[in-house]
Amino acid sequence: MGRGSGFGKTILFGEHFVVHGVPGIVSAIDLATDAEVKRIGEGITIQDERKGAKGYTEKKRTQQKESIERMLTIMGIDLEKTSLEIWLGGRLPGFSGIGASAASSVAIARAIAEEFKTSLSDERINEIAYEAEKAYAGTPSGIDNTAATYGGLIWFVKNLSGGPNTIERLNIKKPVEIVIGNTGVVADTKEMVAGVAERMKENPEEYERLFDQAKDLSFKARKALEDFNLREVGRLMNKNHLLLQKIGVSSEELDYLVNLTRDQGAFGAKLTGGGGGGCMVALTPGKELQETVAATIERERFQVLRTKIGIQR
Ligand code: PMV
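1. Things to note about the pattern of salt bridges
Working step 1: Inspection of every chain in the model, using the stated rule, returns 19 salt bridges.
Working step 2: Here Arg3 makes a salt bridge to Glu36, at a shortest N to O gap of 3.4 Å. Of this pair, Arg3 sits in strand β1 (residues 2-13) while Glu36 sits in strand β2 (residues 24-38), placing them 33 residues apart in sequence.
Working step 3: Residue classification places Glu36 among the partly exposed positions, given a relative accessible area of 23%.

What follows is the structure in structure tokens.
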């Protein structure tokens, strides 16, 4: 049997914009998806025991199947002649927006490699998981699989000419508490990414302006994180949420949770990931503030994760 795991993540700055070459900042979280793979049975079977939002697994089943086929193909494994029993579990819940698909792809790729007794570098695992991500995100930037593979806090820039992406590890003084709130709405990242591309075509000048602003925010955020100026990081997150609203990827539930957490004292809050539902993230330094914000969301009957950014692998 082969085993593997992949980290969940939260995008702190630049989701969607990152698909079009704007720098993004992502942090892995301390929750991972684990996979086990055995070469038995008939065909490819998946036993998905990840705890999650209702409907997540059902809604993503077709994309999950396609993603595994893509992985096997790029790994040079003959789909016709291979039987695999894949088990998925671990502490990362199946929420939209926290990189659950990328975490599972990295976990499965590592488990398959172990089962086939091949040793693959992280770089190769990342490439395989990127191929798998296409099934979920259409034209993914690669930021999710990068965080799922390497962990830590990462500055990511997609290379639009097909060359290697920029992946830089960022260091912060110490990990910082965050709260992730789940709207419970399962969103389709592929549709969200395609929607932005369509609106961009209709309104190229406005989008160019918004993309420039997003780029400026990412650079400022990098500096604020490296200076450990958390108030500034929070303010920039709020500005990033405004830009995400403008490109049409927020939702009523996301805006509600973002406002709620800010009212409770979060330093900043924004949607995280593909949007249209899924999750939001609030910056809540210190256990006390984190608990206040998390408990408020729970009282409103939304699911919540208490975790940290900047945990080094
Ligand atoms: O919703 P998630 O966790 O799959 O994150 C998607 C992030 C996007 O920027 C919207 C897409 C991408 O590939 O970068």
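Next comes the rest of the account.
2. Points about the sheet that holds strand β7 (residues 176-182)
Working step 1: The four strands lie next to each other as β8-β9-β7-β10, forming an open sheet whose pairing is antiparallel. The open sheet has two edge strands, β8 (268-272) and β10 (303-309), and neither has a second partner. On average, each strand axis in the sheet is tilted by 25 degrees relative to the strand beside it, whichever way the strands run.
Working step 2: Sheet analysis places β8 next to strand β9 (residues 279-283), joined by five bridges and oriented antiparallel. What sits directly across from Thr272, in β9, is Cys279.
Working step 3: Strands β7, β8 and β9 of the sheet are contacted by helix α7 (residues 230-246), whose axis makes an angle of about 40 degrees with β8.
Working step 4: Seen against the sheet, helix α9 (residues 287-299) touches β7, β9 and β10 and runs at an angle of roughly 160 degrees to β10.

3. Considerations on the site of the ligand
Working step 1: Around the ligand sit 17 residues in total, of which Lys9, His16, Ser141, Asp144 and Gly274 are the nearest.
Working step 2: Within the side chain of Lys9, one N or O atom sits 2.7 Å away from an oxygen atom of the ligand.
Working step 3: Within the complex, the protein chains bury 95% of what would otherwise be the 380 Å² of accessible surface of the ligand.
Working step 4: For the shell around the ligand, the secondary structure elements donating two or more residues are β1, α4 (143-150) and α5 (189-202).
Working step 5: For the shell around the ligand, a count of residues per class yields seven nonpolar, seven polar and three charged.
Working step 6: Summarising the domain contributions, the shell around the ligand has at least three residues from each of domain 1 (2-170) and domain 2 (176-309).

4. Digging into the domain arrangement of the protein chain
Working step 1: When its domains are assigned, the protein chain resolves into domain 1 (2-170) and domain 2 (176-309).
Working step 2: Each of domain 1 and domain 2 has a C-alpha centre, and the two are 22 Å apart.
Working step 3: Listed by partner, the interface residues are 41 residues for domain 1 and 44 residues for domain 2.
Working step 4: With both sides pooled, the region where domain 1 packs onto domain 2 buries about 3500 Å², and carbon together with sulfur makes up 68% of that total.

5. Quick word on the packing of aromatic side chains
Working step 1: Inspection of the entire model under this criterion finds four aromatic pairs.
Working step 2: Joined through ring pairs, the aromatic side chains of Phe17, Tyr207 and Phe211 make up one cluster.
Working step 3: Seen from the ring of Trp155, Arg222 lies directly overhead, with NZ or CZ sitting 4.9 Å from the centre.
Working step 4: Looking at Arg231, its charged tip hangs above the ring of Phe267, at a distance of 3.6 Å from the centre.

6. Focus on the environment of Leu31
Working step 1: Its location among the elements puts Leu31 in strand β2.
Working step 2: Looking at Leu31, the relative accessible area reads 9%, which means it is buried.
Working step 3: Through-space distance from the C-alpha of Leu31 to that of Ser121 is 22 Å; in sequence the pair is 90 residues apart.
Working step 4: In this structure, Leu31 is in contact with Phe7, Gly8, Arg91, Leu92, Pro93 and Leu305, ignoring residues within four places of it in sequence.

7. Digging into the packing of helix α2 (residues 100-115) against helix α3 (residues 122-137)
Working step 1: The interhelical angle for the contact between α2 and α3, taken along N-to-C directions, is 130 degrees, at an axis separation of 9 Å. Comparing the axis directions of α2 and α3 gives the class oblique. Note that α2 runs across α3; the crossing there is right-handed. In this structure, α2 uses Ser101, Ala102, Ser104, Ser105, Val106, Ala109 and Arg110 to contact α3, whose residues at the interface are Asp122, Ile125, Ile128, Ala129, Ala132, Glu133 and Tyr136.

8. Thoughts on the packing of helix α8 (residues 252-263) against α9
Working step 1: For the pair α8 and α9, interaxial distance at closest approach is 9 Å and the crossing angle is 140 degrees. Looking at the two axes, α8 sits oblique to α9. Remark: the crossing between α8 and α9 carries right-handed chirality. Contact residues: Leu257, Leu260 and Thr261 in α8; Val293, Thr296 and Ile297 in α9.
Working step 2: The residue inventory of the contact of α8 with α9, partitioned by class, reads four nonpolar, two polar and no charged.

9. Quick notes on the environment of Leu72
Working step 1: Relative to the assigned elements, Leu72 resides in helix α1 (residues 56-74).
Working step 2: On the accessibility criterion, Leu72 (0% relative accessible area) is buried.
Working step 3: Separated by 18 residues in sequence, Leu72 and Gly90 have C-alpha atoms that sit 22 Å apart.
Working step 4: Leave out the neighbours within four places in its chain, and Leu72 touches Ile44, Ile77, Leu79, Leu84 and Ile112.

Calculation notes
- Residues numbered from 1 in each chain as written.
- Predicted model: local features only at pLDDT ≥ 70, side-chain atom pairs only at ≥ 80, totals over all residues.
- Heavy atoms only, no water.
- Salt bridge = Lys/Arg side-chain N within 4 Å of Asp/Glu carboxyl O.
- Helix = DSSP H or I, 4+ residues; strand = E, 2+ residues; numbered from the N terminus.
- Buried < 20%, exposed > 50% of the residue type's maximum accessible area, 1.4 Å probe, protein only.
- Pairing = 2+ DSSP bridges.
- Axes fitted to C-alpha atoms, helices over the stretch in contact; angles between N-to-C directions.
- Contact = heavy atoms within 4.5 Å.
- Near = heavy atom within 4 Å.
- Polar contact = N/O pair within 3.5 Å; in protein donor to acceptor, adjacent residues only side chain to side chain.
- Areas by Shrake-Rupley, 256 points an atom, 1.4 Å probe, with all protein chains shown as cover.
- Nonpolar A, V, L, I, M, F, W, Y, C, P; charged D, E, K, R; others polar.
- Domains from an automatic or database assignment.
- Buried area = accessible area lost by both parts, 1.4 Å probe.
- Phe/Tyr/Trp six-rings, centres within 6.5 Å; stacked < 30°, edge-to-face > 60°.
- Lys NZ or Arg CZ within 6 Å of the ring centre and 35° of its normal.
- Parallel < 35°, antiparallel > 145°, perpendicular 65-115°, else oblique.
- Left-handed = near helix turned anticlockwise from the far one by under 90°.

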